[in-house]
Amino acid sequence: VAKDDVEAVKWYRLSAEQGYLIGQYNLGTMYESGHGVAKDYTQAMRWYRQAADQGNKRAIERYNYLKSKGY
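Here goes a summary of the coordinates provided. (Residues numbered from 1 in each chain as written. Predicted model: local features only at pLDDT ≥ 70, side-chain atom pairs only at ≥ 80, totals over all residues. Heavy atoms only, no water.)

### Re the overall build of the chain
For the chain, the count of helices and strands is 4 helices and 0 strands. Projecting the C-alpha coordinates of the chain onto the three principal axes gives extents of approximately 35 × 20 × 20 Å. Within the span of the chain, comprising 71 residues, buried residues form 31% of the whole. Sequence-distant contacts in the chain: of pairs separated by 6 or more residues, those separated by 24 or more amount to 41%. (Helix = DSSP H or I, 4+ residues; strand = E, 2+ residues; numbered from the N terminus. Buried < 20%, exposed > 50% of the residue type's maximum accessible area, 1.4 Å probe, protein only. Contact = heavy atoms within 4.5 Å.)

The structure is reproduced here in structure tokens:
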């Protein structure tokens, strides 16, 4: 199966907006890395924060890392 980051972002966003923490975390990673969307640390932190608020440990780590870098 061909990798399509833009399509992945579309589906991650749909799940993230419905409150699914894995979608929120994955959307954060896409914004942080710039895969499928323009790199945007503010948006990455927004989605990591939402996943972190639901207890996702990786999201907490990524959020804290970006925060420590001043984003």
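### Structural notes on helix 2 (residues 21–33)
Helix length check: helix 2, at 13 residues, gives a terminal C-alpha distance of 18 Å against a target of 18 Å (1.5 Å per residue), a fit within 8%. Taken residue by residue, helix 2 has Gly23, Gln24, Tyr25, Asn26, Leu27, Gly28, Met30, Tyr31 and Glu32 as its buried positions. Looking at the buried residues of helix 2, the elements they touch are helix 1 (5–17), helix 3 (41–52) and helix 4 (57–68). Positive phi appears at Gly34, one or two residues downstream of helix 2, with a value of about 80°. (Expected span 1.5 Å × (residues − 1).)

### A short note on the packing of aromatic side chains
This model, assessed by the stated rule, comprises 2 aromatic pairs. A centroid spacing of 5.6 Å and a plane angle of 40° characterise the contact between Tyr25 and Tyr48, whose relative ring orientation is tilted. Placement of the pair is Tyr25 in helix 2 and Tyr48 in helix 3, with a sequence separation of 23 residues. (Phe/Tyr/Trp six-rings, centres within 6.5 Å; stacked < 30°, edge-to-face > 60°.)

### A word on the packing of helix 2 against helix 3
Where helix 2 meets helix 3, the axes come as close as 8 Å, and the angle between the chain directions of the two elements is 160°. The orientation of helix 2 relative to helix 3 falls into the category roughly antiparallel. The hand of the helix 2/helix 3 crossing is left-handed. Here helix 2 contributes Leu21, Gln24, Tyr25, Leu27, Gly28, Thr29, Tyr31 and Glu32 to the contact with helix 3, which in turn contributes Tyr41, Gln43, Ala44, Trp47, Tyr48, Gln50 and Ala51. Taken together, the residues of the contact of helix 2 with helix 3 sort by class into 9 nonpolar, 5 polar and 1 charged. (Axes fitted to C-alpha atoms, helices over the stretch in contact; angles between N-to-C directions. Parallel < 35°, antiparallel > 145°, perpendicular 65-115°, else oblique. Left-handed = near helix turned anticlockwise from the far one by under 90°. Nonpolar A, V, L, I, M, F, W, Y, C, P; charged D, E, K, R; others polar.)

### Considering the environment of Ala52
Mapped onto the secondary structure, Ala52 falls in helix 3. Sequence spacing of Ala52 and Tyr25 is 27 residues, and the spatial spacing of their C-alpha atoms is 8.3 Å. Apart from the residues within four sequence positions on either side, Ala52 is in contact with Ala59 and Ile60.

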